[in-house]
Structures are given as C-alpha cells and as structure tokens.
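Topology and contacts: notes
Here is how the chains run, residue by residue.
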Amino acid sequence: MPAFSASSISSPASLTDSRLAALCADATQRAFADYESRFYEITRRARQRFLASDWAGSYADAGERLRLYSKVLDNLTDEVRALMGDRLTKRAIWMAIKAVYSSLIARSASWEIAESFFNSLTRRVFTTAGVDQAIEFVDTDFDAPATISAHELSRAYSGGCLDELLCRLLSDTSAGGFAEKEWADLRGSAKLAAERIETDLFGADSARSDVTLEVLSHVFYRGSGAYFVGRAMWKSDSTPLALCLRHTGKHGLELDAVLLGEVDLAILFSYTRAYFRVELVCPYELVRYLRQLMPRKRLVDLYNAIGFHRHGKTELYRDFVAHLRTSTDRFVPAEGARGMVMLVFTLPSYDLVFKLIKDRFDLPKQGDRNDVMRRYRLVFEHDRAGRLVEAHEFEHLRFSRDRFDPALLEDLRKHAASTVRFEADDVVLGHVYLERRVQPLNLFFNQGADDRAAAAAACDYGQAIKDLAASNIFPGDILTKNFGVTRHGRVVFYD
C-alpha cells in the first residue's frame, strides 16, 4: 500500500469516513514499523559497543532508545490530527481505524507491542478516563501469537563434558557468541564456570557428562555487561542459568559471573535495573521463555526488561484490573512514614503502591510538581544500578469509589484535589505513578527482623548507597524510611 500523509492529500475534508479511517490506520502501521525498525537498529549496536568497550556510546544508545517511542508517537499524532481535522474525536471513525489497523498487524511478530502503540495514540487524542474497548485494545484482538521455530528462539549444546559445552556455547558466533580470539582465556573461564555449576548443582567432585545447556539465541546487553540466558538440563531436572561477561579492555573478554537458580535470574531481571538490549524475532515467545525460568515474574517486568516498557504498562494495567475483579479489599494509605511530597496508597492484596504528587509540599520541602516529574524522568532514563525502583506513569485511571477507604478519600480531597476527580460513583486519578511495593527499611528494622536479617539489610543499605553513587545518583535524604527491602532481601531506594 502506498504511503499517504495529510500534506500529500489536497483536501482531507473531502475524504469519506471509511477512506479517512484507512489512511489513519495505514499511517499508524507505518509509524509503528518505523519505531520497530529504529528500535532494533539501536539494539544491534550493543554488540559492537561491547566489543569496543564503548561504554559512553552504550549508555547514549540506551537513552536514545528510551526516547524513541515518544518521538515517533509525536510525529504520528501530528500527522493524524492533520488528516482528521475537525473529525479528530469522532468515535465511529476511530472504531473503523482500530479494525483496519488490527488487520494490518495481524501477521506481525510484535502484534502485542503494535496494539499498545495504537492505544498510546488514542489516549493522546481522547485523554480517556478509564478505558474504552471500542477504540482501544483493552484486551488483545488475537487468540494465538505468531510463532517461530525453537531453533530461532534458543540453542542447545550437549554431548560432552560441561567445560567443553561452555566453550562451544560462548564461542558460537552463529548464536551471538564470541570468537576465541576475543577472549582473554576462554578455556580457563569455561573450566572455572563448569566447576561452579557442577559444585552448586551436583556437589563437589561430581563432574557430569549428561548435562545439556539450552540458551536463548541472542545475547542480552546492558551497561558494560553481556549475558547468555537459558538453563542447564539433566535427566528430568533443570535450573535457570545466566553467564555474565565483561570486557577487560586490551586483554579481551572474561566470564565475570555464573548465576544459577530462579532468584539469581530474578535479581538480574529486576524492576530496579535498566533495560536490556537484545535482538529478537518475537517478543511474545521470548517473554514466555523467560517466564519459564522465572515463574514469579509478571509479564510487565519481562517486557520492561527487554525494552518494551509501554507494553509493560499495558500488561500491568490488565493484570491489576483482573485482580480488582476477583478481590474485595479497599485502597488504604501505604505503610511507612507519611510522605512530605507524595500521597501514597496501596491495595493490600496487590504489591503496588500508587503515588500522587501533593498539591502543597510539607515544610521544609521545596520545589513544585514539575520538579518532581523531572526527577521521575531522570530515574526512568538513568542507569538504576539495581537500586532504584522503577515507576510507571499513568493518567486518567478510573476506579470505583467504594474501593477506597473513607479516610483515604478524605486525604485525596485534602492533599491532591488538583490531580483527583470525583465523578458520580468513581474516582479518577488524573496523574499517578505506580511502583512495586517493598517493605520500608525502617519498619523492617523495627518490626521483628531477626539479628541476622537485620545485619544483612544494614550492610546492603550501605552497599545500595555506594551503588547509587557509582551511577551518579545521590539520595537527597539518606534515611531508612526512604529505602525498602525487596522479597529477595535487597535494599532499594524508592523516594
């Protein structure tokens, strides 16, 4: 189909509604294809950045890719506004646009990402409070995903001792590996890794020749690291596995760490870390493979981890709404010290907190709403070093008023009137940040943590401050009430 734009049409006003819908759907599909192409163009640069030890370029690429979505969407929104003119908010046309667009993306291997892209466009136009099934992909239009072959998704290495398998895996250039000349000591690294894996999985002095290594066909890059991700399998057992590489400069590559088990991989793919760059064929199947390795991870965390944070928001919203339908508890103020800048509440049965910027900050806090939003954008684009909790920004969320504790409703009226609207039986949150709920560190210390756990948390608290400083982030208030403890016992900064 040829490309059209408002500037190439002499009189958009003369177009029929159906023709206009077709043109807008085509423009949206082309914009998504442009976004996807540029997304992977940036992603593919990660390998060469890693081999050249070009860390400044690597971090610049990460920032460029984060900003790409909004940049493409800005241009698309302008094009659609020009095309539709005074019919911009005519819902019947948007229903037709959605139907045509759905047919255009039906064969895409990234159809779920494309659906979220369309939702981003409609919400810019309509600023919908709640959701509108007629003009948004509230639920996906597709029953089954596009499929790829198992060979495209992962590779298996078997039929030898473990150190030999590791050598083959790490140097398999057809599957993202690195030629032996790139390594400081490939065989020495493989031998040490094999000893670590065998000791952890089978005990000392128990070398095995029946192990199969299955790894994803593309390498994950983040910061100055490269990661092979998969699992070690033997007989009817398996365990998640990640091999972590570093570039030592003129000496070449070295195997820096071996991660084993679900907890190790969950921390590697944590919501407190920057996104990976990994070239892939089908996001849906990659995410489902990763979920086999980390069953407790939500889809939002895994889509975020591979860079599709906007679709991660879609998955988060869907999951939370599904939970609301099957629960009866009410939103209540979050535990911990009352915020001086943010009003924070939670649904006890779901591990998220909702954070609204207060109309007026408590003394001695200074600044304004724009300053707070700028700081959230900084966290979004910065290397979070495994210590900064990711925040998802939402607008116009609608919930039933009877799901709110009365005292919380009063707090919303008193402290966030510019952000919260009360419409009939609903509460509409005009602007809110959603974060993973963690236990505040001060409460962890004061509410029954045993001596060993408290000592470990205290040490990790210090390490968290050092990790943040190393990434050029310095907490304004280094107080325990501003830090929290995750389910894996890691101390993170959330305020």
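The structure displayed is predicted, hence computed values, not measured ones. (Residues numbered from 1 in each chain as written. Predicted model: local features only at pLDDT ≥ 70, side-chain atom pairs only at ≥ 80, totals over all residues. Heavy atoms only, no water.)

Observations regarding the pairing of strand β6 (residues 253-260)
When strand β5 (residues 237-247) meets β6, the two strands line up antiparallel, connected through seven bridges. When the sheet's bridge partners are listed, His247 is paired in β6 with Leu253. As consecutive antiparallel partners, β5 and β6 are separated by five residues, and within that stretch Gly249 has a phi angle of approximately 95°, a positive value. (Pairing = 2+ DSSP bridges. Helix = DSSP H or I, 4+ residues; strand = E, 2+ residues; numbered from the N terminus.)

A look at the state of the cysteines
In protein chemistry, a disulfide is the covalent bond that joins the sulfur atoms of two cysteines. One pass over the structure, following the stated rule, counts zero disulfides. Just so you know, Cys161 is unpaired, no disulfide at all, and the nearest cysteine sulfur is the one on Cys167, 8.6 Å from it. Left unpaired, Cys244 is separated from the closest cysteine sulfur, that of Cys167, by 17 Å. Its relative accessible area of 5% is what places Cys244 among the buried residues. (Disulfide = S-S within 2.5 Å. Buried < 20%, exposed > 50% of the residue type's maximum accessible area, 1.4 Å probe, protein only.)

Brief notes about the pairing of strand β4 (residues 225-234)
β4 sits mainly inside the fold: nine of its ten residues count as buried. Relative to β4, strand β3 (residues 220-222) runs antiparallel, the two being bridged by three bridges. Paired with Arg222 across the strands is Gly225, a residue of β4. Taking the residues between adjacent antiparallel strands as the criterion, β3 and β4 are bridged by two residues, where Gly223 takes a positive phi near 55°. Here β4 runs beside β5; their pairing, made up of ten bridges, is antiparallel. Following the sheet pairing, Trp234 is matched in β5 by Asp237. The antiparallel pairing of β4 with β5 creates a hairpin that spans two residues between the two strands, and Lys235 there sits at a positive phi of about 50°.

Observations concerning the environment of Glu435
Counting through the fold element by element, Glu435 comes out in strand β12 (residues 426-436). For Glu435, a relative accessible area of 3% puts it in the buried group. Along the sequence, Glu435 and Ala391 sit 44 residues apart, while their C-alpha atoms lie 4.9 Å from each other. Leaving out residues up to four positions away in the same chain, Glu435 has contacts with Asp351, Leu352, Val353, Lys355, Tyr376, Val389, Glu390, Ala391 and Tyr494. (Contact = heavy atoms within 4.5 Å.)

With respect to unusual backbone geometry
Across the junction of Leu363 and Pro364, the peptide omega takes the value 10°, indicating a cis bond. Residue position: Pro364 is located in the loop between β9 (352-357) and α12 (369-381). Here Ser53, not a glycine, exhibits a phi torsion of approximately 55°, which is positive. In this structure, Asn472 takes a positive phi of about 70° despite not being glycine. Tracing the backbone shows Asn472 in the loop between α15 (451-470) and β14 (483-485).

Description of the nonpolar core
By size, the foremost hydrophobic cluster in this structure holds 64 residues, and its most contacted members are Trp94, Phe220, Val229 and Leu290. By residue number, the principal contributor to this core is helix α1 (residues 17-51), which donates twelve residues. Contacts of Val229, omitting those with residues within four sequence positions, involve Val215, Leu216, Phe220, Leu241, Ala242, Leu265, Phe269, Leu290 and Leu293. Membership of the second largest hydrophobic core comes to 35 residues, among which are Ala46, Leu51, Leu166 and Ile197. (Core = buried A, V, L, I, M, F, W, Y, C linked by side-chain atoms within 4.5 Å.)

Section: α15
Look at α15: 29 Å from first C-alpha to last across 20 residues, which is about the 28 Å you get at 1.5 Å a residue. Every buried residue of α15 is listed here: Ala454, Ala457, Asp460, Tyr461, Ala464 and Leu468. Axial view of α15: buried residues confined to an arc of 125°, hence all on one face. With respect to the buried face of α15, the exposed residues turned more than 90 degrees away are Asp451, Arg452, Cys459, Lys466 and Ala470. (Expected span 1.5 Å × (residues − 1). Arc of directions from axis to C-beta.)

What to know about the side chain of Ser116
With respect to the element layout, Ser116 can be found in helix α4 (residues 111-126). Dropping the residues within four chain positions of it, Ser116 is found in contact with Tyr69, Arg310, His311 and Thr314.

Description of the environment of Arg436
Looking at the element boundaries, Arg436 is found in strand β12. Owing to a relative accessible area of 14%, Arg436 belongs among the buried residues under this scheme. As for Arg436 and Val353, which are separated by 83 residues in sequence, their C-alpha atoms are 6.2 Å apart. Polar contacts involving the side chain of Arg436 include one to the side chain of Asp301, which spans 2.8 Å. (Polar contact = N/O pair within 3.5 Å; in protein donor to acceptor, adjacent residues only side chain to side chain.)

What about the layout of surface pockets?
In this model, the largest pocket occupies a volume close to 1300 Å³. Lining the largest pocket are 47 residues, and of these Met342, Lys355, Asn482, Tyr494 and Asp495 lie nearest its centre. Listing elements by their share of the lining of the largest pocket, those giving two or more residues are β8 (342-346), β9, α12, α13 (406-415) and β12. The element that contributes the greatest number of residues to the lining of the largest pocket is α12, accounting for seven residues. Residue classes in the lining of the largest pocket are distributed as 26 nonpolar, six polar and 15 charged. Each pocket or cavity is described by its volume, and for the second largest pocket that value is around 1100 Å³. Lining the second largest pocket are 39 residues, and of these Ser120, Arg310, Lys313, Glu393 and Phe394 lie nearest its centre. Secondary structure elements with two or more residues in the lining of the second largest pocket: α2 (55-84), α4, α11 (309-325), α12 and β10 (391-400). The residue inventory of the lining of the second largest pocket, partitioned by class, reads 15 nonpolar, eleven polar and 13 charged. (1 Å grid on protein atoms, 1.4 Å probe; cavity = no way out; pocket = protein on both sides within 12 Å on 5 of 7 lines; lining within 4 Å. Points joined across faces, edges and corners; volume = space filled by probe spheres on them. Nonpolar A, V, L, I, M, F, W, Y, C, P; charged D, E, K, R; others polar.)

Examining the sheet that holds strand β15 (residues 491-493)
Read across the open sheet, the three strands follow the order β13-β14-β15; overall the sheet is antiparallel. Two strands close off the open sheet at either side, each with one partner strand: β13 (439-440) and β15. Sheet topology note: the β14/β15 ladder contains three bridges and is antiparallel. Looking across to β15, one finds that Phe483 is bridged to Phe493. Sheet strands in contact with α15 are β14 and β15, and its direction is about 40° off that of β15. (Axes fitted to C-alpha atoms, helices over the stretch in contact; angles between N-to-C directions.)

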